[in-house]
Amino acid sequence: IREGLDPKEARRQAAIKFGGVERYKEKVREARTLGWATGLSADAKLGFRKMVKSPFLSVVGGLGMAVAITISTGLFTFLTFYYSDPPIEGGDRVVTVDYIEGDHNRSTLFDYQLWKEELKSIEDFAAYRTVDHDFEGPGIGSGRVEVAEVTASAFHVARVRPLLGRPLLESDEQEGAPPVVVIGHREWHQRFGADPSAIGRQVYLDRTTHTVVGVMPEGFRLPVNHGFWTALRTGAPLDEPGGEPGVHVFGSLGPGITAAAAEVEAAVVGNRMITEYPETYGRLQAVVRPYVRHLMDVQHVPAWTVWVMQLFGGLILIAVAVNVAVLFYARTALRRGEITVRTALGASRSRIVTQLFLEALTLSAGAAALGLFFAQVGFRQLTLVADFQDGLPYWFFGGLPPETTLYAFGLAALAAVVVGVLPALPATGRHLSSTLGEVGSGTGLRMGRTWTVLICVQVAIAVGVLPTVVGIAWNYTPPPNPTFPASEILSFQLRPPSLRPGGVEADEAGTHAGFGGLQTELLRRVEEIPAVAGVTFSAGTSWVRIEVEEPTGAAEVNSRLSGSVRVGFEYFDVFGASLLTGRAFDRDDAVESSTAVVVNRAFVDEFLNGGTTVGRRFREIPQGPQEGSENARSFEVVGVIENMLRPSRRGRRATPRAYHATALGTEPVSLAARARRGAAANITPRVREIAAEIAPDLAFNAIPIGSQYERDPNELRLLLLIVGMITLSVLVLSAAGISAMMSFAVTQRQREVGIRTALGASRRQVVTSIFSRSTRQLGIGLLIGAVVAALLDRLSDGELLDGQAVPLLVFVSAIMLLSGLVAALGPARRALRIQPMEALREE
């Protein structure tokens, strides 16, 4: 207009120069409505179609990443639970106070009473222990249940009011108070049909009448995973530590108090106790830990250990993602023509990289979903295993936490970067400036040294990790096979309702003077049953260190431990143990001053070198608080028996054991009755009747001894599932990576192979040239992996591979080498089909 044009003509000239108005309107609309998402959506759809068109890559890569994400999310879930708090008000302030010695808690009722008085940094001190009881009641069935004997203060710590009735009170803890029980919401529904009149009903725990006084609300099962709560009889204050039962002590930190400050205060008390009672507290350490740490481990595990576990899980995913990236790089290289055409048509490098990233993200997101499914299945299997259920807190059974889902898809995004972006950057580099006329030629992308190194590293990781995985499955074998007829033997025992000093059944020394007589009477009455062929007992196994006394008088210290077993003098006759040499026990050996000992064949092989046995002497040095040569005792071998427990597989050694004859005393023992052939099922009811007649108020337990040598099938299935997934994914991914690398190499060397064939190279020479590269990479990876595995095993003092390092490494290396060579077989056959003229014509 300024130049003098008519406004209409000026508008027409502006439209010619700048374009139509509608074009700018469309751009503004796209910007306002997130039009960029349309392009990403198109790229995602293209990525999904590419995955469908590459089923091998999708299945192999997806399953491999799914397994890695399963492992990593499993470790993350453990980490989440490890740092969780009990779901109660102020749960983040609840801590446990313990004395620990090595792998064991040593807190007692005396310690609870002392800490309650002297630790001012912790409020609402509470104590509990778990006891198995036979539960029964009129019209509500019977069975074995776990009962939490707790102090009333435990309900103050939880700050959860009962749904019905009342909680335990301090008056319930006093001696002579009527026995009462609080039940959980689940037990209320299952056993009482959610009847409100359950309050006031009477039930029996080990034949002792208890009155139901309360029902806890749904979801509450503190301290661990309990559904029955009875009062822990604290009695009168204890003057000094003794043989009272162990308890777990917990409470709430005071306002502004940290766990570290509370631990310092507990250490001050602990140091004073070491000075006053060095024999009892000399090896103990006072620790204050968050509540869940106490439940998930016994040792004071530092936080960095848990983080290292999580880092290990992440490294597994990265290793798998790198292997999948090799497959993607090979496929991306073969799509060079497509990428070049898109670049020529105006696609930017960032757009192409984004599209390749979305392809990988499609695959990794599917792997994350599958990994979460595997993790959920594994977690459910874990909760079905009885050994784990007893120790897992009740709030762990609600499935995977929400954080795990976010973490899994975060891993998927990281894997997509490794799988999609890393191969895309070299594939979209400067070579795309080539003309369209070069598309389809044999030149272009090359499998550089980086990817070759990655293949070697992947094989090394596989060889370094797989022996441990296989070793876990190898070591997880059924328990040792008994050489005696386990199906004919029934194990049973009486247990006093209280083992604390000052209890109604205890004498001044903290033992149970009348209890020994009850056991003797039970053994005598059971022996009179016509279906019983013999009765004996054992008083437990302790682990001792052995010093063999040589004829010269010198002692040879052996670093291995032996099981020291106290048994009745008729023990070997009842169990039918084979005597190899010497003699068995007689009644005169069952006295405290006797030095006679019978050992098994494994003991002779381990400590006596298979030589002369009868008459040899050795010393037993106790382990634990009594460890030390000053507490050692000397014994003389009078006989050797065959191993009563045979290893379940070849190559495993039986456990050395030394047997000592003993008599029934005041401590609980495990009685064993051998049934006559075919009569085992008839013994248990009769033994229960006898136990009820002679000890109606004592706990009684009877189990077939053969059940001690069985594995939980759920536990076995879970282990096999994990080991199988890891092993299969590692082998398949390794084979796929090597196959993709070799296929790519054959494609790039097509002209070379054609010329060599035209010049007279034999088929063997062609195949050798193809296999030589993969064999070299496999060899380097195997060597590095073997060194890493051996180093890790050595750092763990041989416990990682359990003394099977050489066979496991040889086995895994052979499997990896075989899978790698089989993977290279396909590309080698493809090389043999290359015709010289066709190869040159394509050039």
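Please read these numbers as outputs of a predicted model, since none were measured by experiment. (Residues numbered from 1 in each chain as written. Predicted model: local features only at pLDDT ≥ 70, side-chain atom pairs only at ≥ 80, totals over all residues. Heavy atoms only, no water.)

Overview of the overall build of the protein chain
Short version of the rule: Secondary structure is summarised from DSSP: a helix means a run of H or I of at least four residues, a strand means a run of E of at least two, and numbering begins at the N terminus for each. Exposure classes here rest on a 1.4 Å probe applied to the protein chains alone. A residue is buried below 20% of its type maximum, exposed above 50%, and partly exposed in between. Contacts are assigned to residue pairs that have any heavy atoms within 4.5 Å of one another. Per-residue and other accessible areas follow the Shrake-Rupley method at a 1.4 Å probe size, with only the shown protein chains counted as cover for residues.
Broken down by element type, the protein chain carries 25 helices and 23 strands. Going through the 843 residues of the protein chain one by one, you find that 46% of them count as buried. Look at the contacts in the protein chain between residues 6 or more apart in sequence, and 80% of them connect residues 24 or more apart. Of the roughly 41100 Å² of accessible surface on the protein chain, a fraction of 58% belongs to carbon and sulfur atoms.

A look at the confidence of the model for the protein chain
What counts here: The pLDDT value expresses, per residue, how confident the predictor is, ranging between 0 and 100.
Chain-level pLDDT for the protein chain is 76 on average; 70% of the residues reach the 70-or-more range. Mean pLDDT across the elements of the protein chain ranges from a minimum in helix α14 (residues 386-389), with 43, to a maximum in strand β6 (residues 180-183), with 94. Note on residues 386-390: pLDDT is under 50 here. Beyond four places in sequence and across chains, it has nine contacts.

A look at the packing of aromatic side chains
Threshold: Paired rings are identified among Phe, Tyr and Trp, the last through its six-membered ring, by centres lying within 6.5 Å, and are further divided according to the angle between planes into stacked (under 30 degrees), edge-to-face (over 60) and tilted (the rest).
Inspection of every chain in the model, using the stated rule, returns 19 aromatic pairs. Through a chain of ring-to-ring contacts, three or more aromatic side chains come together here, namely F484, Y571, F572, F575, F585 and Y659.

Focus: unusual backbone geometry
Residue L222 is joined to P223 through a cis peptide bond whose omega torsion reads 15°. Backbone geometry places D124, a non-glycine residue, at a positive phi of 50°. The topology assignment puts D124 in strand β3 (residues 122-137). The backbone of A194 sits at a positive phi, close to 60°, despite the residue not being glycine. Here A194 is to be found in the loop between α7 (185-192) and β7 (202-205).

Some details on the pattern of salt bridges
Two side chains with opposite charge may pair up if their charged atoms get near one another. Quick note on the threshold: One speaks of a salt bridge when a side-chain nitrogen belonging to Lys or Arg is within 4 Å of a carboxyl oxygen belonging to Asp or Glu.
Per the counting criterion, the structure on display carries 21 salt bridges. E592 is the salt-bridge partner of R633, the closest N and O atoms lying 3.7 Å from each other. Placement of R633 in strand β19 (residues 633-641) and of E592 in the loop between β16 (579-582) and β17 (596-600) is noted, with a sequence separation of 41 residues between them. Taking the relative accessible area as the measure of exposure, R633 reaches 33% and is therefore partly exposed.

Considerations on helix α8 (residues 259-276)
What counts, and what does not: Multiply 1.5 Å by the residue count of a helix minus one, and that product is the helix's expected span. It is the directions from the helix axis to the C-beta atoms whose arc is reported.
With 18 residues, α8 extends 26 Å between its outermost C-alpha atoms, agreeing within 8% with the 26 Å of an ideal straight helix rising 1.5 Å per residue. Taken together, the buried positions of α8 are occupied by A262, A266, V269, G270 and M273. For α8, the buried positions fall inside an angular range of 105° around the axis, keeping them on one side. Exposed positions of α8 whose direction lies more than 90 degrees from the buried face are A260, V264, V268 and T275. The secondary structure elements touched by the buried residues of α8 are β1 (94-101), α5 (109-118), β3, β10 (248-253), α9 (278-281) and β11 (285-290).

As for the packing of α5 against α8
What counts here: Orientation is described by axes fitted as lines to C-alpha atoms, over the contacting stretch for helices, and by angles from 0 to 180 degrees between their N-to-C directions. Angles are sorted into four bins: roughly parallel if under 35 degrees, roughly antiparallel if over 145, roughly perpendicular if 65 to 115, and oblique for all others. Note on convention: near helix rotated counterclockwise from far helix by under a right angle means a left-handed crossing. Clockwise means right-handed. As a working rule, the residues Ala, Val, Leu, Ile, Met, Phe, Trp, Tyr, Cys and Pro are called nonpolar, Asp, Glu, Lys and Arg charged, and the rest polar, with Gly in that last group.
At a minimum axis distance of 11 Å, the contact between α5 and α8 shows a crossing angle of 125°. With respect to α8, the axis of α5 lies oblique. In this structure, α5 crosses over α8, and the sense of that crossing is right-handed. For the pair α5 and α8, contact is made by F110, L114, W115 and E118 and by E265, V269, R272 and M273, respectively. In terms of residue class, the contact of α5 with α8 is made up of five nonpolar, no polar and three charged.

Considerations on a nonpolar patch on the surface
Spelled out, the test is: Like-charged residues within 9 Å of one another, or nonpolar side chains (Val, Leu, Ile, Met, Phe, Trp, Tyr) within 5 Å, are grouped into patches, provided each residue has over 30% relative accessible area and no salt bridge.
A cluster of nonpolar side chains, contributed by I780, I784, V788 and L792, occupies part of the molecular surface with about 310 Å² of accessible area. Secondary-structure assignment places I780 in helix α23 (residues 763-795). Overall, I780 belongs to the partly exposed group, its relative accessible area being 40%.

Brief notes about the pairing of strand β8 (residues 208-215)
The test is simple: The rule for pairing is simple: two strands pair if DSSP sees at least two bridges between them.
Pairing analysis gives two bridges linking strand β5 (residues 164-165) to β8, with the strands arranged antiparallel. Residue pairing in the sheet places L164 in a bridge with V215 of β8. Here β6 pairs with β8 via four bridges, running parallel. Counted as the bridge partner of V180 is T211 from β8. Bridge count between β7 and β8: four bridges; the pairing is antiparallel. Bridged to L205 within β8 is T208. Between β7 and β8, which pair antiparallel and follow one another directly, the connecting turn spans two residues, one of which, D206, has a positive phi of 50°.

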